[in-house]
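Below, each chain spelled out in residue letters.
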Amino acid sequence: MVSRTAPDRAGSKRQAEQEHRELEELRRENSRLREVLATKSQEYALLNEIIAAVGSTLKLDEILHRLVAAIVRAVSCHAAFLYLYDTEHERLVLASASEPYARFAGKIELALGQGIAGWVATTLEPVILKEQARSDPRFYVVPELDREEFQSVMTVPIVSRERQLIGVLSMNTAAPATFNEEQQRFVCNTAALAAGAIENARLYEHTRRKLNILTSLSVLSQTISSSLYLDEMLRSLAALTAQIMEADLCVIMLVDQARGRLTVRAVASGLTEREHSLLQSQEAERPALEALHEPVSNASPGASTGGPSPASTGPLDNAVSLQSGEYQALTFEGFNPLKDGQHRTLLSAPLVSGTEHLGLINCYFRKARRPSPEDQALLSTIANQAAIAIKNSQLVDLLTQKNLVKAFFDELLGGAYESEEALKQRAKLLGCDLERPHVVVLFELLPAEDSIGIGAGLYRTLSEEERQTAYKRACGLIRRRLQEVYPGSLLYEQERTLTCLVRLTQEGEPAAPHTAMPGPASNARLKSWLRELVHQLHQDQTLHVAAGIGNPCQQLADYRRSAAEAREALQMGRSLNGDGVTHFNDLGIYRYLYKIARMDDLRDSYQDQIARIAHYDRRKGTDLLSTLETYLECAGNLTKTSSRLFVHRNTLIQRLERLQSLCEIDLQDRSNWLSLQVAIKVYKLRNNLP
């Protein structure tokens, strides 16, 4: 029994040891499984947290912030960066980051292929560097994001279902890291969830913005079609434009045709009084305004050519156009009324109606941004609709103003007013002080011939639109120059004729009303200035311009007389001189002959003789009529006559003999000389000869 008991004991011991080992193995396996379960539970919890995060809101910024925070906890990294791909400019833009790098969101950009993130964006393949990441040739140091000198990097692409790049997710640690399979799988799952969430958020944002734009455009359309006064409409338009464009500030400027400047007419923002004082009017030269209406060209890398709206970024006191040429960029910056350094981006569109430049609409943004082609097209659409409304409002105001001015001119120049005091008050409302001396000036602007020379003996036909454009341009120039040189003048436009009350000025002019009448020096200065103005207008071949000047007016009764004088000077000046400037006092004897010359049934022997000489000149190509006129003006003095005609005395005698053979009256008889001189002048007036 003893011999059998010992082996039994040994077998029992071995069995117990085997059971113990199996038990320990089971315990270790249970421990490992518990760890795996805990890890899976944590992973699932984080995934559930991410799912809840992306499902709880459709605001892209909030989604990205929650994603980054969850990734940092899950991977235990020192920093996480999420870049979104800007398809328009083909760059990666930092959209969200963990602390302390969150403040750089929107300010860091990478080109495709630049750095590890750029490489991942190009290849759509993940990169995992567990140590010595800085020695990798693809590594690129972004100073703002490298405070901890990262050694390990795990970067994965964020792609859509169609394998289109959405962004890049990058995790960094300051010390070497393992980045185990569970972490890699979690990050890849997170990237897939992020892709769907980002697409949904972008779709929601796009839809929301479209809905807001449609709603605002509907309100804008109602505002434009309303019967608001111009200033009220512009204020509403500025506010709605700022809302639609999501701008921090909207400024509308209109061209002041009289002064040739862009004037700020409406502002939509919360500007302080100091900021309002920074808004200044800008010079508005026509070529510069036309440049803003030209189609723009791509001048900067990544810039868009989506529309005619110049866009500038950076400090606006040193702005550079993103999608226009250098001249246009400098021109546009000259039209920027707000150079405060607070607004980083400026998007602008010209207000154009037909061929007329009405002004500009500027949208300012405090943050740096690149306006998309959609933004530019939207602002251009608003600007086009606004330009139509502004032009219509201006036409209504102009018609109202024109009616007031017409009634005033009719009463003043026709002498049909009931009360002098009431008429003077109406004049002041129109910007004219009748207590000061004025003179009536009439301009006549007639279209030129059907064709104009374009060089090298070539001609082209003028269109009606060209005639109208030239006429408007001439009227604008006359109005502007009058206000510059003779402020306080008033102008009325009617059927190719401009009637002007020119406010006379003179050196040392006293401030008190009813001053002495301006003397000849003042009239001479006005006449000289008008000649320069008409000469400037004659540079445009599409118009014939003439002006007539009356005598100065001091009392209201003088204006009717001055208007009649200016009208007579204009008519006679046309007949005598063609285009040019004629003062009533320069008419001389022609003033008395003018009406006689217009009486076609008035004939006498002297006029018959002159007509016979003129007919001979036309038939033979001679100049006998001019010879006779000069001979009579020199009182029959042969020496003076030959000297003025630059001919030899014998040649003059031959001409006089030929003249006598054509005439039935004695040219040597002094009693005939005055009648012959009058007949010559009447003949010239009738035939519009100089």
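As shown above, the structure is provided for reference.
Residues numbered from 1 in each chain as written. Predicted model: local features only at pLDDT ≥ 70, side-chain atom pairs only at ≥ 80, totals over all residues. Heavy atoms only, no water.

Chemist: Could you give an account of the overall build of the protein, with specific residues and numbers?
Modeler: A count of helices and strands for the protein gives 19 helices and 20 strands. Of all 690 residues assigned to the protein, the portion counted as buried reaches 45%. The contacts of the protein with a sequence gap of at least 6 include a subset with a gap of at least 24, amounting to 62%. Of the roughly 36000 Å² of accessible surface on the protein, a fraction of 51% belongs to carbon and sulfur atoms. (Helix = DSSP H or I, 4+ residues; strand = E, 2+ residues; numbered from the N terminus. Buried < 20%, exposed > 50% of the residue type's maximum accessible area, 1.4 Å probe, protein only. Contact = heavy atoms within 4.5 Å. Areas by Shrake-Rupley, 256 points an atom, 1.4 Å probe, with all protein chains shown as cover.)

Chemist: Explain the packing of aromatic side chains to me, using residue names and the numbers behind them.
Modeler: Evaluated as defined, the whole model comprises five aromatic pairs. With a centroid separation of 5.4 Å and an interplanar angle of 65 degrees, the aromatic rings of Phe81 and Tyr101 are classed as edge-to-face. Residue Phe81 is located in strand β1 (residues 79–86), and its partner Tyr101 is located in the loop between β2 (91–97) and β3 (109–111); the two are separated by 20 residues in the primary sequence. Per residue, the accessibility class of Phe81 equals that of Tyr101, and both read buried. A ring pair is formed by Tyr486 and Trp529, whose centres lie 5.3 Å apart and whose planes are at 70 degrees; its orientation type is edge-to-face. In this pair, Tyr486 is assigned in the loop between α11 (464–485) and β17 (490–494) and Trp529 in helix α12 (residues 520–537), connecting sequence segments 43 residues apart. (Phe/Tyr/Trp six-rings, centres within 6.5 Å; stacked < 30°, edge-to-face > 60°.)

Chemist: Can you lay out helix α3 (residues 115–123) for me, pointing to particular residues and giving the numbers?
Modeler: Among all positions in α3, only Gly115, Ile116, Ala117, Gly118, Val120 and Ala121 are buried. Of the surrounding elements, those touching the buried residues of α3 are β1, β2, β3, β4 (127–129), β5 (152–159) and β6 (165–173). The first or second residue beyond α3 is Leu124, which carries a positive phi of 60 degrees.

Chemist: Describe the environment of Lys107, with residues and values.
Modeler: One can find Lys107 in the loop between β2 and β3. According to the relative accessible area criterion, Lys107 is exposed, its value standing at 63%. For the pair formed by Lys107 and Arg369, sequence separation is 262 residues and the distance between their alpha carbons is 9.8 Å.

Chemist: Hey, could you go over the side chain of Glu629 for me, with residue numbers and the actual values?
Modeler: Mapped onto the elements, Glu629 comes out in helix α16 (residues 624–633). Leave out the neighbours within four places in its chain, and Glu629 touches Ile680, Lys681 and Lys684.

Chemist: Got a sec to walk through the sheet that holds strand β18 (residues 497–503)? Specific residues and values, please.
Modeler: Read across the sheet, five strands follow the order β17-β18-β14-β19-β20 without closing on themselves; strand pairing throughout is mixed. The sheet terminates laterally at β17 and β20 (580–583), the two strands that pair on one side only. Between one strand and the next, the sheet's axes are offset by a mean angle of 15 degrees, whatever the strand orientation. Here strand β19 (residues 543–549) pairs with β20 via four bridges, running parallel. When the sheet's bridge partners are listed, Gly548 is paired in β20 with Thr582. (Pairing = 2+ DSSP bridges. Axes fitted to C-alpha atoms, helices over the stretch in contact; angles between N-to-C directions.)

Chemist: Tell me about the nonpolar core, and name the residues and values.
Modeler: By size, the foremost hydrophobic cluster in this structure holds 29 residues, and its most contacted members are Leu234, Met245, Ile252, Leu351, Ile361 and Ile390. Counting only elements with at least two residues in this core, the list comes to α5 (230–245), β7 (249–256), β8 (261–268), β12 (345–353), β13 (356–365) and α9 (373–414). When neighbours within four sequence positions are excluded, Ile390 is seen to be in contact with Leu230, Met233, Leu234, Leu254, Leu351 and Leu358. (Core = buried A, V, L, I, M, F, W, Y, C linked by side-chain atoms within 4.5 Å.)

Chemist: Report on the pattern of salt bridges, specifying residues and quantitative values.
Modeler: Side chains carrying opposite charge are able to pair once their charged atoms draw close together. Counting across every chain of the model gives 13 salt bridges. One salt bridge connects Lys406 with Asp410, and the closest N-O pair in it is separated by 2.9 Å. Here the residue Lys406 and the residue Asp410 both occupy positions in helix α9, the gap between them amounting to four residues, near one helical turn. Note on Lys406: relative accessible area 33%, which makes it partly exposed. Take Asp410: its relative accessible area is 42%, and that puts it in the partly exposed class. In this structure, Arg481 engages Glu484 in a salt bridge whose closest nitrogen and oxygen atoms are separated by 3.9 Å. Highlighted residues: Arg481 and Glu484, both in helix α11, separated by three residues, approximately one helical turn. Three or more residues are tied together by salt bridges with common partners; here these are Asp558, Arg561 and Glu565. (Salt bridge = Lys/Arg side-chain N within 4 Å of Asp/Glu carboxyl O.)

Chemist: Before we move on, could you go through the pairing of strand β14 (residues 438–447) and cite the residues and values that matter?
Modeler: By the criterion of burial, β14 is predominantly enclosed, with seven of the ten residues buried. As paired elements, β14 and β18 share seven bridges and run antiparallel to each other. Each residue of the ladder has a partner; that of His438, found in β18, is Arg503.

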